[in-house]
Every structure is written in structure tokens, then in C-alpha cells.
Amino acid sequence: MNPFQAINAESKLIRQRVEYLHSLIEASKAINSTLDLDELLEIILRIALEKTNAGAGTIYLVDRERGEVWSKISDKDERNEIRLPIGQGIAGFVAKTGETVNIENAMEHPRFTGHFDKLTGFHTKSMLCMPMRNEDEQIIGVFQIMNKRGAAFGAEDEEFLSGLSIHATLAIRQAALHKESLEKRALEHEMNVAREIQENLLPQQVPEIQNYDFAAINLPAKAIGGDYYDYIMLPENHLRFCIADVCGKGIPAALIMATLRTTMHFHKADFDAASVGRLVSRINRVMFESMPLSRFVTLFYGKLDLNSGNLFYVNAGHNPPLLIKKSGEIKHLDIGGTVLGFFKSIEYKSDIVTIEDGDMLCLYTDGITECKNKWDDEFGEKRFLEILVSNRHLSAEKIKKKVINKLHVFGEKGVFDDDVTLVIVKKGQDSKENENT
């Protein structure tokens, strides 16, 4: 080769290199023009096809959680999704091994499955399949382009796709993070809406009944919880009230709680002790048919004759409410049966106690007694009882605040690990008069 030929050859290589770098710069601009993942993949694929002069292709992304590679393929007005186990097919093989597959006749290759052809009606001849690697050399996707016009895929095509993958993987990561951010915000919005709905399912205010004093609070551990309490005024000066704790937290527990509330409001019963047991049996049947086997509900249900103070109740596996007499004597209301939802047909026992002037009834969920401090010690029933007994002369609202304040001090977290619900019922003319004590 004479000097002029050598200069010309070198100039040609320089021009090709400049064109290559220019193509990557232009590709990078186009790739970074969107954060929509579907649109981004279409842009990346279009660039890959144009620069390699290929007839068709697809980009597979690696889903490591499911052990698959996947891609969306446009077919007329529809977008079909292809999923392959990592290791299966040519794309799966490349995703697993990181090897480049460049073949002139795909039909003769033992790993060729024809998924793309079956979905689109395309006929694959030649194929270039290459891994897409991020800056940590981890394979995050696969280029698969087919049918180069006029020739077979060459080293320059492999070099371009290798350079393109550097820009593509960065853009794909940004698009994925953007998508996750949008999904997180949407989920947070949905959770806030669900929380508002759940708050509206709970009583908006405590009953205002002569000679009685009520206070209640519900503090979910998450945005929405599984604790439930309610009051329902009935004819002939009777009050139905309950407290319940659904196994688990979050949306599943909230849905079960809503089912329980609907059931409680739908079913009616007479005002004797026996009917209370029958009602809880009917509620149990509904919950059994409405919940998966892994879920259950604890429930305390009572009907209070506001005139006499007689309370007909059933305890279905719930923390026994505490009846604290004016004298300081304590009675646990534990008669009833097992939790709701485990067995289809159960007969629940019922009992009767009398709430007299100066007495206090406290209903609660285990988020109170099982609240833990930094040493993993539980708040426990003993501490809880000490607060209730020593402050029983105060109003229901003040007692409620003292309990919650003590929990916050004990836990030192500001939030609780489990839902906290507390309902206090006091009887007697002097209950509210002690508000300023």
C-alpha cells in the first residue's frame, strides 16, 4: 500500500469512527428525551434497527425476581407481552450467559423458538442477539434484531449495539425509577383515600347519653388498620357496642374490618343474653364464608341496658375487657368462645354483668398491652391496669389521654407496631364532672 492509499484508509477509518460517535451522541439525545419506559424501549429499538439496517427486532428486559426475560411486541393495534425463562430460547440464553449470538440462519439454530414470529407473522432469517449491560457489568436486557438488509450482521453492528447499550441501560434505569416513583405516589394516594374511607366507617363521635361517659380512640400502625369499634343505638334505651381486632394489617385487614362492620349493622337481635350468643354465631358464619383460612377476627360484643346497667356480652377470643368497679375491684369479661372465622358453626356462650354508678368498662386491643419499648419489654396488662385504677375517678376522655400518653412515653417511637384501639365507658353522674380534676 502506497502512502496515499494508507492516508486514505486511515481517513476512512477516522470518518467511520466520527460517524459512529456522532450516531451514539444522537442516539443518547433521543434516548434521554422520555422517562416513559414503553416509549423509551421503542426509541432504543428504532435506533438499533436504523443503525444496523435490520428489518425487525425486540428488546428484552431481565426480570430477576421471576427469573424471566420479557418484552412487549406491537402487533397491529395490540401490544403482546413475551416472557421466557432465563436460559430458554436465544434471548434467554444470552441473558443467562452474556454471550453474543450472531447467526445467518435462525431456523437452523437449536435454541430458536420462534415466539416473535408466532406473535407477529414475521419470518426470521438472520439474527444478532446481544446482552445489554449496566455500569456494573450486570445484564439488564437483551438486544435481538433480525434480517439485516443486503448482508449478514457484522462486527460494526455488534460494536454499535455494545455502545448503544451503555446509554440505553442508564436511561432504562432512570425510566424504571421514575415509574416506581409514580406508582409509589399513586399507591400513597390510594392508601390515603382508603384511610379516609376507613375513618368514616368508625364512629365519628362518642354517644352522648345521660348518666354515661364515653371516650374512644383508634390509632392504626399503618395508613390503614384492622382494629374496629362501634356503637349502635337500639330501641328501648339499649346500646349495642363492640370492639374487634382483625388478624394482620393493611388493606386485607381493612377489607375484613369493613365486612365485619356491615355484618354488625345488618344483623338484629333481641335484648336477652341468649340472643347475643346467637347473633355472634351468625356473625361468625358470615366471617367464615368471607375470609381466607389464614385470617381470623377477635370480637367482644355487648348490649347495654342503659336503664338498669345490665350488660349482655359475648367474648369471641378477644382481650377480656376490664370492668373496674368503683371500689377498685376488677372483673375480666372473658365468657364466650373462640375467634371468628376459624369454624363455620359455633355456639357462643354469653354472660351478664351490671355496670353500676362509679364503675368503668374498658375495651381495648392488644396493641396496648403488647406495645414494646427499646429493650423489647411489653407494656403489659399490669401497667395498663395501674393507670386505669389509679385514674378511675377522672372522666373517660382524661383516662384515655393518660393511657395513650403513657404508651408513647413507654414506646419512645411516636408510632406503634400494632393497631391501638381503646374504648372507655363510665357510668354515674360524677363522671364528666371530674373533667377538670
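Given the structure is predicted, the values throughout are model-derived calculations rather than measurements.

## Describing the side chain of histidine 238
Turning to step 1, where the next piece is worked out: Within the element layout of this structure, histidine 238 appears in strand β9 (residues 238–246).
Turning to step 2, where the next piece is worked out: Under the relative-accessibility criterion, histidine 238 is labelled buried at 6%.
Turning to step 3, where the next piece is worked out: A polar contact of 2.8 Å, which involves the side chain of histidine 238, links it to the backbone oxygen of glutamate 236.

## Side note on empty space enclosed by the protein
Turning to step 1, where the next piece is worked out: Evaluated as defined, the whole model comprises two cavities of 30 Å³ or more.
Turning to step 2, where the next piece is worked out: Of the volumes computed, that of the largest cavity is approximately 120 Å³.
Turning to step 3, where the next piece is worked out: Surrounding the largest cavity, 16 residues form its lining, Phe112, Thr113, Gly114, Met127 and Gln144 being those nearest its centre.
Turning to step 4, where the next piece is worked out: Those elements giving two or more residues to the lining of the largest cavity turn out to be α3 (89–97), α4 (115–120) and β6 (139–148).

## Details of helix α9 (residues 380–390)
Turning to step 1, where the next piece is worked out: When we look at burial in α9, the residues that qualify are Gly380, Phe384, Leu385, Ile387 and Leu388.
Turning to step 2, where the next piece is worked out: On its buried side, α9 packs onto β12 (322–324), β13 (330–332), β16 (360–364), α8 (366–369), α10 (396–411) and β17 (420–427).

## Concerning the sheet that holds strand β7 (residues 212–219)
Turning to step 1, where the next piece is worked out: The five strands lie next to each other as β7-β17-β16-β12-β13, forming an open sheet whose pairing is antiparallel. The sheet terminates laterally at β7 and β13, the two strands that pair on one side only. For this sheet, the mean inter-axis angle between neighbouring strands, taken without regard to orientation, is 15°.
Turning to step 2, where the next piece is worked out: Sheet analysis places β12 next to β13, joined by three bridges and oriented antiparallel. Bridged to leucine 323 within β13 is lysine 331.
Turning to step 3, where the next piece is worked out: The sheet strands contacting α9 are β12, β13, β16 and β17, and the helix crosses β12 at an angle near 35°.

## Comments concerning the environment of isoleucine 399
Turning to step 1, where the next piece is worked out: Of note, isoleucine 399 is situated in helix α10.
Turning to step 2, where the next piece is worked out: Along the sequence, isoleucine 399 and isoleucine 387 sit 12 residues apart, while their C-alpha atoms lie 7.9 Å from each other.
Turning to step 3, where the next piece is worked out: Those residues in contact with isoleucine 399, other than ones at most four positions away along the chain, are Met360, Leu388, Asn391, Arg392, Leu394, Ile424 and Lys426.

## Notes on the layout of surface pockets
Rolled over the atoms, a probe with the dimensions of a water molecule shows which regions are left empty.
Turning to step 1, where the next piece is worked out: Its volume calculated, the largest pocket comes out at about 620 Å³.
Turning to step 2, where the next piece is worked out: Those elements that place two or more of their residues in the lining of the largest pocket are β1 (54–63), β6 and α5 (155–201).
Turning to step 3, where the next piece is worked out: Taken together, the residues of the lining of the largest pocket sort by class into 10 nonpolar, three polar and eight charged.

## Digging into the nonpolar core
Across soluble globular proteins, nonpolar side chains show a tendency to be buried alongside one another.
Turning to step 1, where the next piece is worked out: One finds Phe241, Leu260, Val297, Leu311, Leu340 and Leu361 to be the most contacted residues of the largest nonpolar core, which totals 47 residues.
Turning to step 2, where the next piece is worked out: For this core, the element with the most residues is β9, which contributes six residues.
Turning to step 3, where the next piece is worked out: If near-sequence neighbours (up to four positions away) are discounted, phenylalanine 241 is found in contact with Asp230, Tyr231, Phe300, Tyr301, Gly302, Leu304, Leu311, Leu361 and Leu363.

## What about α5?
Turning to step 1, where the next piece is worked out: For α5, built from 47 residues, the straight-helix expectation of 69 Å at 1.5 Å per residue is met to within 8% by its first-to-last C-alpha distance of 67 Å.
Turning to step 2, where the next piece is worked out: At serine 165, α5 shows its strongest bend, of approximately 30°.

## Observations regarding the packing of aromatic side chains
Turning to step 1, where the next piece is worked out: The full count for this structure, using the stated rule, is eight aromatic pairs.
Turning to step 2, where the next piece is worked out: Centroid distance phenylalanine 300 to tyrosine 313: 5.3 Å. Interplanar angle 25°. Geometry classified as stacked. Of this pair, phenylalanine 300 sits in strand β10 (residues 297–305) while tyrosine 313 sits in strand β11 (residues 310–316), and the two are 13 residues apart along the sequence.
Turning to step 3, where the next piece is worked out: Overall, the relative accessible area of 0% leaves phenylalanine 300 in the buried class.
Turning to step 4, where the next piece is worked out: Classification of tyrosine 313 as buried rests on a relative accessible area of 0%.
Turning to step 5, where the next piece is worked out: Measuring from centroid to centroid gives 5.3 Å for phenylalanine 379 and phenylalanine 410, while their planes differ by 75°, and the two rings are edge-to-face.

## Quick look at the pattern of salt bridges
Turning to step 1, where the next piece is worked out: The final tally for this structure, using the stated rule, is 10 salt bridges.
Turning to step 2, where the next piece is worked out: As a salt-bridge pair, glutamate 137 and arginine 133 come within 3.9 Å of each other at their nearest N and O atoms.
Turning to step 3, where the next piece is worked out: Residue glutamate 137 is classed as exposed on the basis of its relative accessible area of 54%.
Turning to step 4, where the next piece is worked out: In this structure, the salt-bridge partner of glutamate 356 is lysine 325, at a minimum N-O distance of 3.3 Å. Of this pair, glutamate 356 sits in the loop between β15 (351–354) and β16 while lysine 325 is found in the loop between β12 and β13, placing the two residues 31 residues apart along the sequence.
Turning to step 5, where the next piece is worked out: Lysine 325 gets classed as buried once you look at its relative accessible area, which sits at 16%.

Conventions we followed
- Residues numbered from 1 in each chain as written.
- Predicted model: local features only at pLDDT ≥ 70, side-chain atom pairs only at ≥ 80, totals over all residues.
- Heavy atoms only, no water.
- Helix = DSSP H or I, 4+ residues; strand = E, 2+ residues; numbered from the N terminus.
- Buried < 20%, exposed > 50% of the residue type's maximum accessible area, 1.4 Å probe, protein only.
- Polar contact = N/O pair within 3.5 Å; in protein donor to acceptor, adjacent residues only side chain to side chain.
- 1 Å grid on protein atoms, 1.4 Å probe; cavity = no way out; pocket = protein on both sides within 12 Å on 5 of 7 lines; lining within 4 Å.
- Points joined across faces, edges and corners; volume = space filled by probe spheres on them.
- Contact = heavy atoms within 4.5 Å.
- Pairing = 2+ DSSP bridges.
- Axes fitted to C-alpha atoms, helices over the stretch in contact; angles between N-to-C directions.
- Nonpolar A, V, L, I, M, F, W, Y, C, P; charged D, E, K, R; others polar.
- Core = buried A, V, L, I, M, F, W, Y, C linked by side-chain atoms within 4.5 Å.
- Expected span 1.5 Å × (residues − 1).
- Bend = angle between axes of the 7 residues up to and from the residue.
- Phe/Tyr/Trp six-rings, centres within 6.5 Å; stacked < 30°, edge-to-face > 60°.
- Salt bridge = Lys/Arg side-chain N within 4 Å of Asp/Glu carboxyl O.

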